[in-house]
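Architecture and fold: a report
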Amino acid sequence: MSLQLRIIGSIAALLLLTLLAGAALLSLHARDSVAREVETAFRGAERSVGDTLKSDVEHTVTLRQVVASFQGQRHVRAALVNEKGAVIVQSQIAPVENPAPAWFARTMMPPTATARIPIALPGFPCTVVLISDPRSEIADVWHHARDSFRVMLFFCLATMVVAALAISAALRFLRKLEAGLLAISKGRYDTRLKIEGPPEFAGLARDFNHMAGRLDTFSRANRQLYSQLQSVQEEE
């Protein structure tokens, strides 16, 4: 495997681990947020119903009004149930326009909270039942988590592109340096590299050119010395 593929593969593996860790932390935070919001809304609804029913209730009209007040709420459903368990009236939560996917909803679903408040009406005992419903909160959290994950994914992809471009530029310089050294090994001491790019690459190119220049000088001097030796031998 080439050096380029090894480096890019290592960076990709690290970014993937980072992305997975970020997704896990995001999921934990989202689940805690859903549970906290639904729990807060449910306890508030329970207190509100309890305060409303502190006064004497003489007929079911007031209880129907209590249940109707929960119509269209986001986190709590209410129902009025008689002594036989039959539902007299119940509310519905606000419609969820863009629900979360089923797999995400299953992951985020907190335990269902239920409260039963018995009402001792003369001749008509009944119960107000409150049930938590986290679907709206899960949908909101899903949109936030999805957008956050997209941002993290875009960052990882952008990092990969920048790293790939930087590695490609570095390898191009190394290939030029390799070609220059090969030319020097073949005696072409006039080979020079362009002094460009980052300071590190420019410094290497400058050092290479200095080395090539010294070798060229030594080569000329050696040829001149060899020519002089030949002349001396001929004279002898």
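Before going into details, it helps to say that this report is about the structure given with it. (Residues numbered from 1 in each chain as written. Predicted model: local features only at pLDDT ≥ 70, side-chain atom pairs only at ≥ 80, totals over all residues. Heavy atoms only, no water.)

1. Things to note about the overall build of the chain
Going by this rule: Secondary structure elements are taken from DSSP: a helix is a run of H or I of four residues or more, a strand is a run of E of two residues or more, and numbering for both begins at the N terminus. Per-residue accessibility, obtained with a 1.4 Å probe over protein chains only, is compared with the maximum for each type, and a residue is labelled buried under 20%, exposed over 50%, and partly exposed between these values. Contacts between residues were defined by any pair of non-hydrogen atoms, one from each residue, lying within 4.5 Å. The accessible surface values rely on the Shrake-Rupley method and a 1.4 Å probe; as for residues, cover is taken only from the protein chains in view. When charges are counted, Lys and Arg are positive and Asp and Glu negative, with His and the chain ends excluded. A charge is said to be at NZ when it belongs to Lys, at CZ for Arg, at CG for Asp and at CD for Glu.
The secondary structure content of the chain amounts to five helices and four strands. For the chain, the spread of C-alpha atoms along the principal axes amounts to about 145 × 30 × 20 Å. Taking all 236 residues of the chain together, 30% fall into the buried category. For the chain, the share of sequence-separated contacts (at least 6 apart) that also reach a separation of at least 24 residues comes to 63%. Total accessible area computed for the chain in this model is approximately 15600 Å², and 60% of it derives from carbon and sulfur atoms. Across the chain, the centroid of the 26 positively charged side chains sits 4 Å from that of the 22 negatively charged ones.

2. Describing the nonpolar core
We count it as follows: By nonpolar core we mean a set of buried residues, namely Ala, Val, Leu, Ile, Met, Phe, Trp, Tyr and Cys, connected to one another through side-chain atoms within 4.5 Å.
Val 49, Leu 53, Leu 63, Phe 70, Ile 119, Val 128 and Leu 130 are the most contacted members of the largest nonpolar core, which totals 19 residues. Of all the secondary structure elements, the ones that give two or more residues to this core are helix H1 (3-52), helix H2 (60-68), strand E1 (76-82), strand E3 (114-119) and strand E4 (126-132). Discounting chain neighbours no more than four positions away, the residues touching Phe 70 are Ala 45, Val 49, Val 76, Ala 78, Ser 91, Gln 92 and Leu 130. Of all hydrophobic cores here, the second largest spans twelve residues; its members include Leu 26, Phe 104, Ala 105 and Ala 145.

3. Comments concerning the sheet that holds E1
Formally: DSSP bridges decide pairing: two strands pair if at least two such bridges lie between them. Between N-to-C directions, angles cover 0 to 180 degrees, with each direction set by a line fitted to C-alpha atoms, over the stretch in contact for helices.
With antiparallel pairing, four strands are arranged side by side in an open sheet as E2-E1-E4-E3. Either end of the sheet is taken by a strand with one partner, and the two such strands are strand E2 (87-90) and E3. For this sheet, the mean angle separating the axes of adjacent strands, direction not counted, is 20°. Across six bridges, E3 lies against E4 in antiparallel orientation. Looking at E4, one finds that Pro 118 is bridged to Thr 127.

4. Points about a nonpolar patch on the surface
Short version of the rule: Here a patch means residues that are over 30% exposed by relative accessible area and free of salt bridges, tied together within 9 Å if like-charged and within 5 Å if nonpolar (Val, Leu, Ile, Met, Phe, Trp, Tyr). What makes a salt bridge here is a side-chain nitrogen of Lys or Arg within 4 Å of a carboxyl oxygen of Asp or Glu, nothing more.
Residues Leu 14, Leu 16, Leu 17 and Leu 20 make up a contiguous nonpolar surface patch of roughly 430 Å² in combined accessible area. Along the chain, Leu 16 falls in helix H1.

5. A word on the side chain of Asp 133
Put simply, the test is: Within 3.5 Å is the distance limit for a polar contact, defined as a pair of N or O atoms, with the added protein rule that one can donate a hydrogen and the other accept it, and that residues adjacent in sequence qualify only through two side-chain atoms.
Looking at the element boundaries, Asp 133 is found in the loop between E4 and helix H4 (135-185). The exposure class of Asp 133 is buried, given its relative accessible area of 6%. Of note is the side chain of Asp 133, whose polar atom sits 2.8 Å from the side chain of Arg 135. With residues near it in sequence (within four places) discarded, Asp 133 still touches Arg 74, His 75, Val 76, Arg 77 and Ile 93.

6. Some words on the packing of H1 against H4
As a reminder, the rule being used: Any angle that is under 35 degrees is reported as roughly parallel, and any over 145 degrees as roughly antiparallel; angles of 65 to 115 degrees are reported as roughly perpendicular and all others as oblique. By definition, any crossing whose near helix is turned counterclockwise from its far helix by less than a right angle is left-handed, and any crossing with a clockwise turn is right-handed. Each residue gets one label: Ala, Val, Leu, Ile, Met, Phe, Trp, Tyr, Cys and Pro are nonpolar, Asp, Glu, Lys and Arg are charged, and the others, such as Gly, are polar.
Two elements in contact, H1 and H4, have axes separated by 10 Å at closest approach and are oriented at 165°. With respect to H4, the axis of H1 lies roughly antiparallel. The chirality of how H1 crosses H4 is right-handed. Taken together, the residues of the contact of H1 with H4 sort by class into 24 nonpolar, six polar and two charged.

7. Some details on helix H5 (residues 199-235)
Let me state the cut-off plainly: To estimate the expected span of a helix, subtract one from its residue number and multiply by 1.5 Å.
The end-to-end C-alpha distance of H5 is 54 Å, a good match for the 54 Å that 37 residues give at a rise of 1.5 Å each. Turning to H5, the residues buried within the fold contact H4.

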